Amino acid sequence: MTRLRESCAGLVLVMGLASGSAFAASHGHENEHEAHGHEVAGPTCTGFGPQTPRDIDSKSGDNKVTFKAAPAASEMHLCNIHFHEGAEHKAKDFSIYAGDGHEGYGSGYQCNISKKLSKAEKAWSGEGVCKSAHGDLKPGDTIEVHYVHTTCDVPGGKGLGSCVSAKCANPELRVETQVYTLVAEGGLDFNQIQSAAALPTDTGKPVEFMGSTTGPKYNESACSEYQVTWSVRPSCAKLNIKTVGEWCKGNKYEEDHAHGVRQLVKSPALLSEIK
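Residues numbered from 1 in each chain as written. Predicted model: local features only at pLDDT ≥ 70, side-chain atom pairs only at ≥ 80, totals over all residues. Heavy atoms only, no water.

Draft legend 1. Structural view of the layout of surface pockets. Estimates place the volume of the largest pocket at around 260 Å³. Residue lining of the largest pocket: 14 residues in total, with Asn-63, Thr-66, Ser-272, Glu-273 and Lys-275 positioned closest to the centre. Tallied by class, the residues present in the lining of the largest pocket amount to five nonpolar, four polar and five charged. (1 Å grid on protein atoms, 1.4 Å probe; cavity = no way out; pocket = protein on both sides within 12 Å on 5 of 7 lines; lining within 4 Å. Points joined across faces, edges and corners; volume = space filled by probe spheres on them. Nonpolar A, V, L, I, M, F, W, Y, C, P; charged D, E, K, R; others polar.)

Here it is, written out as structure tokens:
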């Protein structure tokens, strides 16, 4: 999800977003994030608002930059859906660390239930789905899906640049989030979960907090300046991998693969307090 420092807490997006060009250039497609490493290169960044992803079971945070929560998803416009291989966030139900990985891949967290699947749920022949230069998806993999919402009246489309427009360069942003384990048999149909309203209702009360955009482009030394309201469900659901593969073959967002993950943000100075 330009690194100009924010000059005041009330700024929703960084200054200089006129006509949405800066946001679109920086986030036209999350592939741009995948060209960067996953390592922390220097000291913790300062002068930025709260960062994401985080351990949602930990409520504490010392970041002093505040901004109002975005409206409910039902009052906003869905502008993009994409997913990451491995959960970017951490919670009790998705707490198995996948490793440091490379360029955001092979990292993040796995659902605990991914280690308890039946033979039928794990059975798979042939190649994986949603292939990219970084690999593909197979049963047992964990993905974190982001349903990105904006206050701009836009149709939505490819990349996060689709969340702004020439007439709306400073939107409020909200990301509704669900973590899934992919299964070969059973599970939810991803093609039927194309809005926040269609998300599972049995994965716990969403944990809401203030944060930023994500992706492996960022770490604790290279922070995102964009301000985002997050709503992350604390439990995993099972998702049918065949339906994910079908979605990757054609959707309005032109998404065809899983994106890499940003390292978990742990520094209290970069986290908001969860109230």
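Draft legend 2. The arrangement of empty space enclosed by the protein in detail. Taken as a whole, the largest cavity holds about 40 Å³ of empty space. As for the largest cavity, its lining consists of Glu-85, Tyr-105, Cys-130, Ser-132, Gly-135, Asp-136, Leu-137, His-257 and Ala-258. Elements represented by at least two residues in the lining of the largest cavity include exactly strand 4 (129–132) and strand 5 (135–137). Top contributing element to the lining of the largest cavity by residue count: strand 5, with three residues. The class makeup of the residues in the lining of the largest cavity is four nonpolar, three polar and two charged. (Helix = DSSP H or I, 4+ residues; strand = E, 2+ residues; numbered from the N terminus.)

Draft legend 3. Region of the structure containing unusual backbone geometry. Between Thr-52 and Pro-53 the backbone carries a cis peptide bond, its omega angle lying at 10°. Relative to the elements of secondary structure, Pro-53 occurs in the loop between helix 1 (21–27) and strand 1 (77–85). Despite not being glycine, Glu-103 shows a phi value in the positive range, around 55°. Along the chain, Glu-103 falls in the loop between strand 2 (96–97) and strand 3 (109–110). With a relative accessible area of 23%, Glu-103 lands in the partly exposed category. The phi torsion at Glu-254 lies on the positive side, around 55°, for a residue other than glycine. Within the fold, Glu-254 resides in the segment after helix 3 (241–248). (Buried < 20%, exposed > 50% of the residue type's maximum accessible area, 1.4 Å probe, protein only.)

Any functional reading would require information beyond the geometric quantities listed.
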